[in-house]
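Okay, here's what each chain looks like letter by letter:
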Amino acid sequence: MKSNLLVFFLFCLFSCKNSNSDKIIAEVYDYKLYYEDIIGDFPTYVSDTNSYINNFIDSWVSEKVLLHQALINIDENSEELENKISNYKNSLLIYEYQQRLIDQNFDTSIINDEIIKYYEDNIDKFKLDQDIFKGRYVIIDKNAPNIKSLYKLFKSNDDYDIDEMISYCMLYALEYYVNDSSWSMFNSIKHKFPESVSPSKIFYSKKKYDVFEEDNFIYLLSLKEYKFKGDVSPFSVEKQKIKSLIINRNKMRYLEMVENELIQNGKLSNKIKLY
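Let us look at the structure shown here.

What counts and what doesn't
- For every chain, the first residue of the written sequence is number 1, and numbering continues from 1 onward in sequence order.
- The predicted nature of this model means local features are confined to residues of pLDDT at least 70 and side-chain atom pairs, given and counted, to a pLDDT of 80 or more, with totals for whole chains, interfaces and linings taken over all residues.
- Heavy atoms from the whole structure form the basis of all side-chain values; hydrogens and water molecules are not counted.
- Exposure above 30% relative accessible area and the lack of any salt bridge qualify a residue for a patch; like charges then connect within 9 Å, and the nonpolar side chains Val, Leu, Ile, Met, Phe, Trp and Tyr within 5 Å.
- All accessible-area figures derive from a Shrake-Rupley calculation using a 1.4 Å probe, and residue coverage is judged against the displayed protein chains alone.
- A carboxyl oxygen of Asp or Glu within 4 Å of a side-chain nitrogen of Lys or Arg is what we treat as a salt bridge.
- Just so you know, the count uses Lys and Arg for positive and Asp and Glu for negative, and it drops His and the chain ends.
- The location of each charge is read from NZ of Lys, CZ of Arg, CG of Asp or CD of Glu.
- Put simply, DSSP H or I for four residues or longer makes a helix, DSSP E for two residues or longer makes a strand, and each gets a number counted from the N terminus.
- In this scheme, a residue with accessible area under 20% of its type's maximum is buried, one over 50% is exposed, and one in between is partly exposed, where area comes from a 1.4 Å probe on protein chains only.
- Any two strands with at least two DSSP bridges between them are considered paired.
- To estimate how far a helix should extend, the number of its residues minus one is multiplied by 1.5 Å.
- What the arc describes is the spread of directions from the helix axis to the C-beta atoms.
- In this analysis, two residues are considered to be in contact whenever any of their non-hydrogen atoms come within 4.5 Å of each other.
- What qualifies as a polar contact is a pair of N or O atoms within 3.5 Å, subject to a donor-acceptor requirement within protein and to the restriction that residues adjacent in sequence count only when both atoms come from side chains.

Quick look at a negative patch on the surface now. Among the surface-exposed residues, D158, D159, D163 and E164 lie close enough to one another that they form a single negatively charged patch. As for its placement among the helices and strands, D159 is situated in helix α7 (residues 159–172). D159 gets classed as exposed once you look at its relative accessible area, which sits at 60%.

Pairing between strand β6 (residues 209–214) and strand β7 (residues 217–227): six bridges, direction antiparallel. Its bridge partner lying in β7, E213 is registered against I218.

In this model, α7 (14 residues) spans 20 Å end to end at C-alpha, consistent with the 20 Å of a helix rising 1.5 Å per residue. For α7, the full list of buried residues reads I162, M165, Y168 and C169. Projected onto a plane normal to the axis of α7, the buried residues spread over an arc of 125 degrees and lie on a single side. Exposed residues lying more than 90 degrees from the buried face of α7 are D159, Y160, M170 and L171. Of the surrounding secondary structure, the elements contacted by the buried residues of α7 are β3 (132–141), α6 (147–155) and β4 (173–177). Structurally, the start of α7 carries an N-cap: the backbone nitrogen of Y160 is 2.9 Å from a side-chain oxygen of D158.

This is the structure in structure tokens:
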């Protein structure tokens, strides 16, 4: 049944948009789903039209079936339900008004000094929940050409050598990561190495650069810096999180200020009276 409706719908969708807007696609009890209900807000990003239409119809049917049963079993005019609806509507209106205030008037810019101060004042709260590192790694087939040159480039900090290394890795490496100026989670690379390599041992050794071989692959790993789980998290790792925390805190303060001003204005204009 649904497949026939779908064929009909698709025909309407692409052939008769104007003349079939009142066509019924599905019916549940006294509820009717019209052609216009689906195409009225049809997303442009949809690639699988069939799947989208099926999901739309399924969701609509489920909603109407449940709504029908709810209306049978619940008194929609009961005082309790009316109060809940009224409270929800009021909360929604207040929320939308607050969002509009924030969108129109709230300044989201935060100076870096404020972020640094927050970090320093709350540094004990910023503990790592996993090991992190600054470093590089390359995984490459041991038969790749001119690997000895890769070893040399891998150890270099010269910008030209780094560009050469990236070009080489793009051609021959299975995987690589060379941005050793940023902190990364060690778990993100741990699974890339065989268990026999055990790169985590390098964290505890003085040797911060090593080359491993296993099967047909060569693993190059360099650790520039590292911190363990439980250590203080670096500022650069926490910076964006702190910025979001400060913005959210400032939003709450701004909304509280607006609320207090409205209350004071209401009292001054005699619109608020407490008995």
